[in-house]
Structures are given as structure tokens and as C-alpha cells.
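Letter by letter, the chains look like this.
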Amino acid sequence: KMVKGVILDGKRVDKTSGRAKSSKPVAKRNISKKELDGIKDRKRSEKERKADKKMQFLRAKQQKQRDERRKRFMPNITDDSKKDKKDSDDDEDEHAGEVYDTSAGILAKDGYYEVPVEHMEVTKEDEEIIKRLQKKDAPTEEKGKEMTLFDLIMQKMNQNQQKNMENYNIDELEEGVASKMNKKVVQVYRGVGRVLQAYRSGKFPKAFKVIPMLTNWEDVLFLTKPHKWTPQAMFEATKIFASNFNAQMAQRFYNLVLLPVVRNDIDEKQKLNYHYYQSVKKAVFKPNAFFKGFLLPLAKDCSAREAAIIGSILVKVSIPVLHASAALLKMSQYEYSIGSSYFIKVLLAKNFALPTKVIDGMVEYFYSF
């Protein structure tokens, strides 16, 4: 006898129908290829049905949002006009009504608006704007300025200062600095200077590594004659000062020592020595000092060759956004020059997320042209 729900003779009996079914799993049964294809098609059709439902729901949601936007921003447009528009041109952009104002002209068959004749005339206000953009009145204002007594006095004072600076001798200045210091200190650091004038590679003098810890480090550094150092010595010195100085002291070193040496090398050889190049690259380790002591003074009166060489360094190194933003804002206030414009281009090419104030400054800078 067969009892429902009990396996007898290796066969399972179904409780509901009473039919005997095989106890083998589905994977082990002999199923024909047509049955397998039918199962796959049914599964695929179910997935497609779900995807279609999802797409219909999203499209309905987007259409609802568009209708809400149209009602909010364009309340005068009726439903009949929208239907006529869809029937006339199905490929037209769905946001065209929001972009174009139909009251300004008549829509032609080709999809362009015909502007009425009254809008083609150039008004006086337009002419004034064009004149302002072309800067026709800018040079005449400078010519009209008269020299005051204050301007004459300042001009003579500047001329006297230049004459006094030309009469100065570096050796005399060095002796004046040395007279205020201990003789042993002067002797040691003059010897260090002689070593740095012939330095190529190897160990660096230990006495030099103490300079960042001294209060009168500028006077001591002056005794070593930095303008006579080899490029290798300048690179090692920049590494030491960039890592041990604070931002203010590093700014002084970059401005007084590194910048003049780099500019002289470019002027003499029309290219920059590899070790000077690496020194400038290492100087970016202190970005605040680098921009204030090196880049911004250079940008004021920079040649095209200097801008191209230093700009290639800026492309390769990573710069913090805040320091780059401050430099862009400062350079936007300078008068147009090759250096400042090239450095602005290089910094903007880094695609920083700039603050609103800097963006406004850039817009005013380019709008001034």
C-alpha cells in the first residue's frame, strides 16, 4: 500500500495529488535543452518586466518634476501650447522653454528666433561699455597727472639711495659685520665659506648645520659669501634651511639668497643649473615662505624664460589650496606682466577648488583686459 507523504520503494508520494515523484534533485534530472531554454527565457522576461516598471516610474517622476518647474517659473504657458509644441517638433529640447524667452522675438520654422529691428540698434550705454572694455581713456589719465612737491622730494631721495648702494663694496660690508662678532666665529665661518665655494659632494660642514639655531643667523650666513657657493652647496643649504627654519626665517633666506642666485644663473646661461632647479623645488616644502619670499617678488618683473623655468617647477610639485589661492589673489592685483600672467595660468591649470573671493579677483583681473 502507498500512504500519502511517505516514501515507498525509493519514490516520494505527494500529499495533495497522491502522485509519486522522483526523490532526485532538479539538477540531477534529465532535462532537455528546450526546457532549459524555456526556464532561462522566463527568468529573463521577468527581469526585463521589472526593469521596464522601474524605468516607467522614473520617467513619470521626472515628468512630474518638469511640470512643477514649468508651473513655478512659467505660469503663463498653458497645456494647449505645450501639446502643440510637442506635436510640431518631438526632438526639441524639453528645457527650451525655460531658456528662451519667446516675448523677445518670433519663433521661425527653422527653430531660431527672429529679433525685431528695434533690438538691433546700439544704445549709448552699449557704446560706453565698449569704450570701457577697450581702455581708450586709460593712458590719457596718467598723462594728465601733475608732479607735486612730495613726488619730487621722493624721487630725489630714491636717486640718492641708489647712488649710496652703488658705492657699497661687499668686502667692506663683510668687514663691518665681522667687527661686531667674535674673532673665532668669524674665522670658522669664513673657512666654511671657502669649503662651500669648492663643494661638490660628500659630508657638509657641521658648523653650517648650527646656523638655523643662531639668533644672528643672517650675519653668520653673510660671512660664508652665499653668492660664491657652488650649485651643489646651495642645494644642500636649501634642504637644511627649509627643514629647520620657520616660515618667516625661510622667507628671508629665499628672498635674499636663493632668488638672486637663480635669476643670475638664468641671465648668464639662459638656462638653470640642475642643482638650482632642485633647490627651488625643495623650497616649496615651506609654501608660505616660498610664495612670499620667492614667487611673488619674481612675478613683478619676471622675464619669459624665468617664468617658463619656474613655472615648470610649479607644475610638478603639489601646492596647498590656501597658499595657491592667496598667491592668485595677490598676483591678480599686479599690473599685467609675462611672469604674473604665466604663473596665474599654471596655478589655475591645477584645478583647485578656489574660494569665492579668489574667483571674483580672477574675474576682475581678466575683465580688465
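Look a little higher up for the structure.
## Here we look at the pattern of salt bridges
Item 1. As enumerated under the stated definition, the model contains five salt bridges in all.
Item 2. A salt bridge links arginine 252 to glutamate 218; the nearest nitrogen and oxygen atoms lie 2.8 Å apart. Of the two residues, arginine 252 is situated in helix H12 (residues 247-269) and glutamate 218 in helix H10 (residues 217-223); the sequence distance between them amounts to 34 residues.
Item 3. Residue arginine 252 is classed as partly exposed on the basis of its relative accessible area of 39%.

## Some details on the nonpolar core
Item 1. Judged by nonpolar contacts, the single largest core of 66 residues is most densely connected at Phe208, Tyr254, Phe290, Phe294 and Phe343.
Item 2. A total of nine residues in this core trace back to one element, the largest contributor, which is H12.

## Section: the packing of helix H14 (residues 287-300) against helix H15 (residues 304-316)
Item 1. Where H14 meets H15, the closest approach of the two axes is 11 Å, and the angle between their N-to-C directions is 145°. The residues of H15 that touch H14, namely those facing Phe290, Phe294, Leu295 and Leu298, are Glu306, Ile310 and Leu314.
Item 2. The residue makeup of the contact of H14 with H15, split by class, is six nonpolar, no polar and one charged.

## What to know about the environment of arginine 263
Item 1. Within the secondary structure, arginine 263 sits in helix H12.
Item 2. Sequence separation between arginine 263 and leucine 298 is 35 residues, and the spatial gap between their C-alpha atoms is 8.9 Å.

## Section: the packing of helix H16 (residues 321-331) against helix H18 (residues 356-367)
Item 1. It is the contact of H16 with H18, at a shortest axis distance of 9 Å, that shows an interaxial angle of 30°. In this view, H16 runs roughly parallel relative to H18, as classed from their interaxial angle. Like other packed secondary-structure pairs, H16 and H18 cross with a definite hand, here left-handed. Contact with H16, carried on its side by Ser325, Leu328, Leu329 and Met331, involves Lys357, Val358, Gly361, Met362 and Tyr365 of H18 and no other residues of that element.
Item 2. Class assignment for the residues of the contact of H16 with H18 results in six nonpolar, two polar and one charged.

## Quick word on the environment of alanine 237
Item 1. Assignment of secondary structure puts alanine 237 in helix H11 (residues 231-244).
Item 2. The exposure class of alanine 237 is buried, given its relative accessible area of 0%.
Item 3. C-alpha of alanine 237 to C-alpha of lysine 209: the two residues are 28 residues apart in sequence and 8.5 Å apart in space.
Item 4. Setting aside residues up to four positions removed in sequence, alanine 237 forms contacts with Phe204, Phe208 and Trp229.

## Quick word on H18
Item 1. For H18, built from 12 residues, the straight-helix expectation of 16 Å at 1.5 Å per residue is met to within 8% by its first-to-last C-alpha distance of 16 Å.
Item 2. What H18 keeps buried is the set Val358, Gly361, Met362 and Tyr365. Taken end-on, H18 shows its buried residues confined to a sector of 100°, consistent with a single buried face. Along H18, exposed side chains directed more than 90 degrees from the buried face belong to Thr356, Val363, Glu364 and Tyr367.
Item 3. Where the residues of H18 are buried, they touch H16 and helix H17 (338-348).

## Here's the deal with H15
Item 1. End to end, H15 covers 19 Å across 13 residues, agreeing with the expected 18 Å (1.5 Å per residue, within 8%).
Item 2. Regarding H15, the residues found buried are Glu306, Ala307, Ile309, Ile310, Gly311, Ile313 and Leu314.
Item 3. In this structure, the buried residues of H15 make contact with H12, helix H13 (274-283), H14 and H17.

## With respect to the packing of aromatic side chains
Item 1. Overall, the coordinates contain 11 aromatic pairs when judged by the stated rule.
Item 2. Ring geometry for tyrosine 199 and phenylalanine 204: centres 5.1 Å apart, planes at 90°, overall edge-to-face.
Item 3. The buried category is assigned to tyrosine 199, whose relative accessible area is 6%.
Item 4. Ring geometry for phenylalanine 241 and phenylalanine 245: centres 4.7 Å apart, planes at 5°, overall stacked.
Item 5. Residue classification places phenylalanine 245 among the buried residues on the basis of a relative accessible area of 3%.
Item 6. What links up through ring pairs into an aromatic cluster is the set Tyr199, Phe204, Phe208, Trp217, Trp229, Phe241, Phe245, Phe253 and Tyr254.

About the criteria used
- Residues numbered from 1 in each chain as written.
- Predicted model: local features only at pLDDT ≥ 70, side-chain atom pairs only at ≥ 80, totals over all residues.
- Heavy atoms only, no water.
- Salt bridge = Lys/Arg side-chain N within 4 Å of Asp/Glu carboxyl O.
- Helix = DSSP H or I, 4+ residues; strand = E, 2+ residues; numbered from the N terminus.
- Buried < 20%, exposed > 50% of the residue type's maximum accessible area, 1.4 Å probe, protein only.
- Core = buried A, V, L, I, M, F, W, Y, C linked by side-chain atoms within 4.5 Å.
- Axes fitted to C-alpha atoms, helices over the stretch in contact; angles between N-to-C directions.
- Contact = heavy atoms within 4.5 Å.
- Nonpolar A, V, L, I, M, F, W, Y, C, P; charged D, E, K, R; others polar.
- Parallel < 35°, antiparallel > 145°, perpendicular 65-115°, else oblique.
- Left-handed = near helix turned anticlockwise from the far one by under 90°.
- Expected span 1.5 Å × (residues − 1).
- Arc of directions from axis to C-beta.
- Phe/Tyr/Trp six-rings, centres within 6.5 Å; stacked < 30°, edge-to-face > 60°.

These figures capture arrangement, not role.
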